[in-house]
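Summary of structural features
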Amino acid sequence: MRAILGQEPCIVPGATGLSCSDATANADVELSISTLSLTGTLDALTLVGDYNFVSLGLPNNALSGSLPESWSALTSLKSIDLSNNGLQGTIPEAWSTMKSLSTL
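Residues numbered from 1 in each chain as written. Predicted model: local features only at pLDDT ≥ 70, side-chain atom pairs only at ≥ 80, totals over all residues. Heavy atoms only, no water.

Comments concerning the overall build of the protein chain
When helices and strands are counted, the protein chain shows zero helices and seven strands. In the protein chain, the succession of helices and strands from N to C terminus is β-β-β-β-β-β-β. Evaluated residue by residue, the protein chain yields a buried proportion of 34% over its 104 residues. Total accessible area on the protein chain stands at roughly 5,800 Å², and carbon and sulfur atoms take up 48% of it. (Helix = DSSP H or I, 4+ residues; strand = E, 2+ residues; numbered from the N terminus. Buried < 20%, exposed > 50% of the residue type's maximum accessible area, 1.4 Å probe, protein only. Areas by Shrake-Rupley, 256 points an atom, 1.4 Å probe, with all protein chains shown as cover.)

This is the structure in structure tokens:
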């Protein structure tokens, strides 16, 4: 998944679970990868970049750890679905700056 979410996620043809409004640096990006038995921590995902992540869905996997404070930089994010994983802890205080986030 790191390769898909690297420098140019919107030009990866046929990327599973990835939807972009266009292939430019200002594209709105929706990522929905569920029930794929993904493991590891959310800190391993590098989502901050030139793209506007508006939706992030990683439900029904085997992700663990806590919510990354660094995701507070995802200011265009409107919804996050991390249900049915092994996450723990609280929502980082830094996330209070995510004014577009309406669904968690």
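A word on unusual backbone geometry
The backbone of Ser37 shows a phi angle near 60 degrees, a positive value even though the residue is not glycine. Within the secondary structure, Ser37 sits in the loop between β2 (28-32) and β3 (39-41). What makes Ser37 exposed here is its relative accessible area of 58%. Of note in the backbone geometry, Asn84 takes a positive phi value of approximately 60 degrees without being a glycine. Asn84 gets classed as exposed once you look at its relative accessible area, which sits at 56%.

Observations regarding the pairing of strand β4 (residues 52-57)
Here five bridges tie β2 to β4, and the two strands are oriented parallel to one another. Considered in β4, the bridge of Leu31 is made with Leu56. Sheet topology note: the β4/strand β6 (residues 79-81) ladder contains three bridges and is parallel. Bridging from a neighbouring strand, Leu56 pairs with Ile80 of β6. (Pairing = 2+ DSSP bridges.)

Quick word on the sheet that holds strand β7 (residues 86-87)
If you walk across this open sheet you meet the three strands as β3-β5-β7, and the pairing is parallel. Each having just a single partner strand, β3 and β7 make up the two edges of the open sheet. Bridge count between strand β5 (residues 62-65) and β7: two bridges; the pairing is parallel. By the bridge assignment, Gly65 is partnered in β7 with Leu87.

Details of the side chain of Asn85
For Asn85, the position within the fold is in the loop between β6 and β7. On the accessibility criterion, Asn85 (19% relative accessible area) is buried. A polar contact is formed between the side chain of Asn85 and the backbone nitrogen of Leu63, at a distance of 3.0 Å. Polar contacts involving the side chain of Asn85 include one to the main-chain carbonyl oxygen of Ser83, which spans 3.3 Å. With residues up to four places along the chain from it excluded, the contact list for Asn85 reads Leu58, Pro59, Asn60, Asn61, Ala62 and Leu63. (Polar contact = N/O pair within 3.5 Å; in protein donor to acceptor, adjacent residues only side chain to side chain. Contact = heavy atoms within 4.5 Å.)

Some thoughts on the environment of Asn85
In this structure the C-alpha to C-alpha distance between Asn85 and Leu63, which are 22 residues apart in sequence, comes to 5.3 Å. Within the structure, Asn85 has its side chain in polar contact with the backbone nitrogen of Asn61 (distance 3.3 Å). From its side chain, Asn85 meets the backbone nitrogen of Ala62 in a polar contact 3.4 Å long.

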